[in-house]
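# Per-entry structural report
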Amino acid sequence: MLRYKTLLLDEKAIERAIRRIAHEIIERNKGLEQMILVGIHTRGVPLAQRLARELESIEEVVVPVYDLDISAYRDDRKRTDIRRVDKGKTAFNADDKTIVLVDDVLFTGRTVRSALNAVMEAGRPKFIELAVLIDRGHRELPIRADYVGKNVPTALREAVSVQLEETDEKNQVVLCEEVPR
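What you are looking at is a predicted structure, and each value in this text was computed from that prediction instead of being measured. (Residues numbered from 1 in each chain as written. Predicted model: local features only at pLDDT ≥ 70, side-chain atom pairs only at ≥ 80, totals over all residues. Heavy atoms only, no water.)

## Structural notes on the overall build of the protein chain
Where we set the bar: By definition, any uninterrupted DSSP run of H or I lasting at least four residues is a helix, any uninterrupted run of E lasting at least two residues is a strand, and each is numbered from the N terminus. Two residues qualify as a contact provided that any one of their heavy atoms is within 4.5 Å of a heavy atom in the partner residue.
Broken down by element type, the protein chain carries 4 helices and 8 strands. For the protein chain, the N- to C-terminal ordering of α and β elements is β-α-β-α-β-β-α-β-β-β-α-β. A principal-axis box enclosing the C-alpha atoms of the protein chain has dimensions of 50 × 45 × 30 Å. Taking the contacts inside the protein chain whose residues are at least 6 apart along the sequence as the reference set, 72% of them involve residues at least 24 apart.

See below:
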């Protein structure tokens, strides 16, 4: 069971983080040509949509947003449980594009590894970058985010809960801790 510990980001802080990440993306890429935002299902998708709106308001360029369900690419499933998505069914073509993967929390890196595998089946991107709202540390794989809304050092017994209007009917990020039973 998890118990609320502290508020990490309120609605305004989330908006500021997304705005800052948008500016960083524009600066690093010197524009938005050939860019695709790919939100990792579930909360990465509304974050990618918010980021796309912010990019459009700054640069007046529409950046496509795609939803990526990585469940078939996870390494915590038995091999017999994995059903790969046919390449022909992929919603986007990654060839020669700059792909910005968007997720809510970067923790062990395994979700991102799965997303990288899925993107590579969609083509051969020019670059793949990673934008996350929260980086909480504790990596198990050599993966780092290019764009981070907030770094939050955590203990393993803690959890970061990102709550968005689109999925949870409120906008906040809270730190919770496990309560011994």
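From this point, the discussion proceeds with the structure in view.
## What to know about the pattern of salt bridges
Which entries qualify depends on this criterion: By convention in these notes, a salt bridge is any Lys or Arg side-chain nitrogen within 4 Å of a carboxyl oxygen on Asp or Glu.
The tally for this structure, following the rule as stated, stands at 10 salt bridges. The salt bridge partner of Lys12 is Glu15, with a shortest N-O separation of 3.7 Å. One end of the pair is Lys12 and the other is Glu15, both in helix 1 (residues 11–29) and 3 residues apart, which spans about a single turn. Between Arg50 and Glu166 there is a salt bridge; the shortest N-O distance is 2.8 Å. Taken as a pair, Arg50 in helix 2 (residues 44–59) and Glu166 in helix 4 (residues 165–168) lie far apart in primary sequence, 116 residues in all. What you see here is one network of salt bridges that share partners, running through Arg28, Arg144 and Asp146.

## Some words on helix 3 (residues 110–120)
Counted only if it meets this: Relative accessibility under 20% of the residue-type maximum defines a buried residue, over 50% an exposed one, and the middle range a partly exposed one, all with a 1.4 Å probe and only protein chains included. Starting at the helix axis, one direction is taken to each C-beta atom, and the arc is that of these directions.
The complete set of buried residues in helix 3 reads Val112, Ser114, Ala115, Ala118 and Val119. All buried residues of helix 3 fall inside an arc of 160° around its axis, so they share one side. Residues of helix 3 that are buried in the fold lie against strand 2 (35–40), strand 3 (65–68), strand 4 (98–106) and strand 5 (127–135).

## So, the packing of aromatic side chains
Note the following rule: Working definition: rings of Phe, Tyr and Trp (its six-membered ring) pair if their centres are within 6.5 Å, and the pair is stacked with planes under 30 degrees apart, edge-to-face with planes over 60 apart, and tilted otherwise. Here, a charge over a ring means that NZ of Lys or CZ of Arg falls within 6 Å of the ring centre while also lying within 35 degrees of the ring normal.
Under the criterion given, the structure shown has 1 aromatic pair. The interplanar angle of 40° and the centroid separation of 5.2 Å between the aromatic rings of Tyr66 and Phe92 together place this pair among those described as tilted. Remark: Phe92 occurs in the loop between strand 3 and strand 4 and Tyr66 occurs in strand 3; sequence separation between them is 26 residues. Sitting over the ring of Phe107, Arg136 keeps its end group 3.9 Å from the ring centre.

## Focus on the pairing of strand 8 (residues 172–178)
Cut-off, in case you're wondering: Any two strands with at least two DSSP bridges between them are considered paired.
Among the 7 residues in strand 8, 5 count as buried, and that is most of the element. Examined bridge by bridge, strand 7 (residues 158–163) and strand 8 share 6 bridges and lie antiparallel to one another. For Ala159, the partnering residue across the bridge sits in strand 8 and is Cys176.

## Some words on the sheet that holds strand 1 (residues 2–9)
Quick note on the threshold: Here, axes are lines fitted to C-alpha atoms. For helices the fit covers the stretch in contact, and angles between N-to-C directions go from 0 to 180 degrees.
Read across the sheet, 3 strands follow the order 1-8-7 without closing on themselves; strand pairing throughout is antiparallel. The open sheet terminates on both sides in strands that have one partner only, identified here as strand 1 and strand 7. The average undirected angle you get between the axes of adjacent strands in this sheet is 30°.

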